[in-house]
Amino acid sequence: MKIASLHKNLEIASRSIGKTWPLYGFVTSNPLSGYETQPFSQALPEAGRRLGARVYPDAATFRRAYAVGEIADAELLPLLREKGLNQAPGHYLGQMEPADAGTPAPANRELNRLTAKWLAAFLDEGLAEWSMPGREKGFYQSWRKLAPSDGELKGISTKDIPVTASEALLAILGDFPEEAHAGILAWHLEALPGWAGYIKYRSEEQTDWHQNFPVNLEEYLAVRLLMARALAAPIAPPEKREWIPGSEVLAHIWLTAWERTWQQKLLGPLGREAHRRDDTHSAPDAQLVFCIDTRSEPIRRHVEAQGKYETFGYAGFFGIAMDYKTPENGLVRKSCPPIVPSAYQVQESPRQGQSEAFAQFTRKSRLRAFYQYFLKRMKNMLPSTFGFVEGTGVSYGATLLARTWMPRWCYLQGLRNTLSPEQSCEPELLASGCDTRAEDQAHLGLSEKVAVVKSAFDLLGWQTFAPLVVFAGHGSHSANNPFASSLDCGACAASPGRHNARMLARLANEKAVREALYGEFGIEIPEGTYFVGAEHNTTTDAITLFDADAPETHLARLGRLRADLEKARKSATRQRLGLTKGSVEASERRAGDWAETRPEWGLARNSGFVIGPRSLTRNLNLEGRCFLHSYRWDLDPDGKALEGILQGPMVVTQWINNHYYFATVDPNRFGSGSKITQNPTGRYGVLQGNGGDLKAGLPLQSVYLTDTEAYHQPLRLSVVIQAPKKRVAELLARNENLKNLVANQWIYVLVLDPEQNNRSYRFTKELSLAPTETGPAIATGKPAKAELALAPC
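Calculation notes
Residues numbered from 1 in each chain as written. Predicted model: local features only at pLDDT ≥ 70, side-chain atom pairs only at ≥ 80, totals over all residues. Heavy atoms only, no water. Axes fitted to C-alpha atoms, helices over the stretch in contact; angles between N-to-C directions. Helix = DSSP H or I, 4+ residues; strand = E, 2+ residues; numbered from the N terminus. Parallel < 35°, antiparallel > 145°, perpendicular 65-115°, else oblique. Contact = heavy atoms within 4.5 Å. Nonpolar A, V, L, I, M, F, W, Y, C, P; charged D, E, K, R; others polar. Pairing = 2+ DSSP bridges. Salt bridge = Lys/Arg side-chain N within 4 Å of Asp/Glu carboxyl O. Buried < 20%, exposed > 50% of the residue type's maximum accessible area, 1.4 Å probe, protein only. Patch = residues over 30% accessible without salt bridge, like charges linked within 9 Å, V, L, I, M, F, W, Y side chains within 5 Å. Areas by Shrake-Rupley, 256 points an atom, 1.4 Å probe, with all protein chains shown as cover.

A. Spatial organisation of the packing of helix H19 (residues 446-460) against helix H20 (residues 498-509). At their nearest, the axes of H19 and H20 sit 10 Å apart, and the two run at 110° to each other. In terms of axis orientation, H19 runs roughly perpendicular to H20. On H20, the residues touching Lys449, Val452, Val453 and Ala456 of H19 are Leu504, Leu507 and Ala508. Among the residues forming the contact of H19 with H20, the class breakdown is 6 nonpolar, no polar and 1 charged.

See below:
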């Protein structure tokens, strides 16, 4: 077999697994992204059989949803009849229950255990005191040298191991027909999809760790197959799989009915709001731009309720495809969607007159870094371990008691002691990859700055500007939470969005940029308009304004805004936590409690994405279930703005939605199981217990109320766009990836056509348009759940 054929089979096999993102940048992506070229109804049964996983909600979940009207007979009965199923719905729930016995135990347990042992040692990213020798030579070469010393691999010697990974795979696969090779490789990748997915992530993203200690799927498979041969474990998969899944046809029908019931709940109020005359013509005191994140929807309602405020939704990276260089340690992190290559790098530079303050910030950062390093060395070095622990026991004991009994006080103390560069620094936009130490740094030209700002204004559909315009990114605060980054901004690659928000505000405040916007595009920003960066803390709903360099003319306005934001915070936390008093304090306690398994719900229950003007949703309580992106179809005649939204934010929200779906239907295979039994490993992931597969998804507590009752409703994302249906159809037809997602029904796209009196349509799997109205159904005493509330708060 030739090398080219081997690599082709490797590429085919790798499609069966998704990427496993590290804990420090945990992106919620579709674990079955490699199956998106297949229809959803065909891909899921195949993936379930190959991975030994559940892929649809179980009968108990459907039964609960049906009992409370989340699944309407008007949607369910016609779908059953289409398949010739004429019994009562409960009959089919009973048929699904025998198939809910669970998923099978993984095969090749001993091989999996040994493979995970070697991977954990090689992939370590600084947690282990003693690193695996020879890692700089790559995984295969390092293992080849050390394997003979492993007592569990009896009879293996270096001379028996081929020199390269390619040679090893060619030798082992040579015993099988070539048409079986891709299947064999895929079977071994699917045996440990979490570990294989992390290798895929590191090699494709070319992380610093990968460049220093390289590993790829070819090396991984070569090592695994060589160990399989040494252990006399099977190389090829069995001809017949042991696990036979339940009736996917029935489950798919019930899921589709559930999704269509939700769509009707959403479309009814949206359609009425589309016909309502927008009477908000008075100039707002301030405009606030939030991320499209579902957690922004409630806080936007509560901010608007405080006064003359207008809010917008925009992807949380604010259109700046950037990496951010952290001033505390110089590390560079991606701060834009993973599917978008970074074009810029943002670093901090001292504001005018703040050089000494910035120098002091740098000194304190270095001192803290040394203190943390010193503590780690004292705890881990053999000579000092016992003496250090005994000598500091009282101090550590007091800290433990404080964090246990006074989590809110500890949290507030931590906030006060946090070093923040915003007071002394301003963000600086450079071309990506420039040498920031050089004097002639690659500062961007005026045209590029103007392009960034204009793109944001075009997508938002702005025509007038308030005296204050706030760009609010978002981040989350929690304690003792390995998955903390999963609660940050998905559009910023699981980083906080504050840096992007500050950067866009600074660009929009530049006089030269404003003049160019007016001279070249006729976009006039009044002299009295000031742009401010901010951050929305989604755990406590606090909104921090970064206004250190605000002009005196706007200080009074900023003071009033800050007071109103605090009022909005109180009402938002009351509603979210279900408390009549003390809600802010309770949210701060959750943020600081190191025993809290669920500091916030994150994006759980996400199921909709509305692309349209704020007038569509301003009077609706969408219960934090919808992503909201501002869009004015009448200001986008060529559809370019809408195409950008569909290609970027819609794809990212589909990733998020699919991740939550699969983590809910099988929290052990696609999620990471319960936090209670998790163990972090290597600083990049978690295991259940002390070994096994690396967990690639959200923990149980992020999507479940109890161990058995889900909080998240596992529904595919329904995207509602207010735009002419012909325009949307043209955009989908000319974008292959979008066409696949819609035609294969990994996502629903629905249209409110303003040129046809805002009548609603749904794209079918043939990409044709069908009206969304539902026909009559036989009454069975199961009414649909009421529509979304028409209430601002």
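B. A look at the sheet that holds strand E9 (residues 543-546). A sheet is described by the order of its strands in space; here 5 strands give the open sequence E2-E1-E7-E8-E9, paired in mixed fashion. Strands with a single pairing partner mark the edges of an open sheet, and in this sheet they are strand E2 (309-314) and E9. When strand polarity is set aside, the average angle formed by the axes of neighbouring strands in this sheet is 25°. Two elements, strand E7 (residues 468-475) and strand E8 (residues 530-537), share 8 bridges in a ladder whose sense is parallel. Looking across to E8, one finds that leucine 468 is bridged to tyrosine 530. Running over the sheet, H19 touches strand E1 (286-291), E2 and E8 and is turned about 110° from E2.

C. Looking closely at the sheet that holds strand E11 (residues 626-630). With respect to topology, 6 strands assemble into an open sheet ordered E11-E10-E14-E15-E16-E17, the strand pairing being mixed. In this open sheet, the two strands that pair with only one neighbour each are E11 and strand E17 (769-771). Across this sheet, the average inter-strand angle for adjacent strands is 25°, counted without regard to direction. Note that strand E10 (residues 608-612) and E11 share 5 bridges and pair parallel. Residue glycine 612 lies in a different strand from E11, and its bridge partner there is serine 630. Docked against the sheet, helix H24 (residues 640-647) engages E10, E11 and strand E14 (718-722), running at close to 165° with respect to E10.

D. Looking closely at the pattern of salt bridges. Per the counting criterion, the structure on display carries 38 salt bridges. Residues glutamate 46 and arginine 50 are paired through a salt bridge, measuring 3.7 Å at the closest nitrogen-oxygen approach. Taken together, the positions of glutamate 46 and arginine 50, both in helix H2 (residues 40-51) and 4 residues apart, correspond to about one turn of that helix. The exposure class of glutamate 46 is partly exposed, given its relative accessible area of 25%. Sharing partners across several salt bridges, the network here consists of Glu110, Arg113, Lys117, Asp150 and Glu152.

E. Region of interest: a nonpolar patch on the surface. Taken together, the side chains of Leu401, Trp405, Met406 and Trp409 present a nonpolar region at the surface, about 530 Å² in accessible area. Take methionine 406: it is sitting in the loop between helix H17 (393-405) and helix H18 (407-417).

F. Layout of unusual backbone geometry. Backbone geometry at alanine 494 places phi at a positive 65°, although glycine is not the residue there. Secondary-structure assignment places alanine 494 in the loop between E7 and H20. The class of alanine 494 is buried, set by a relative accessible area of 2%. With a phi angle near 60°, asparagine 757 is a residue other than glycine that sits in the positive phi range. Within the element layout of this structure, asparagine 757 appears in the loop between strand E15 (748-753) and strand E16 (759-763).

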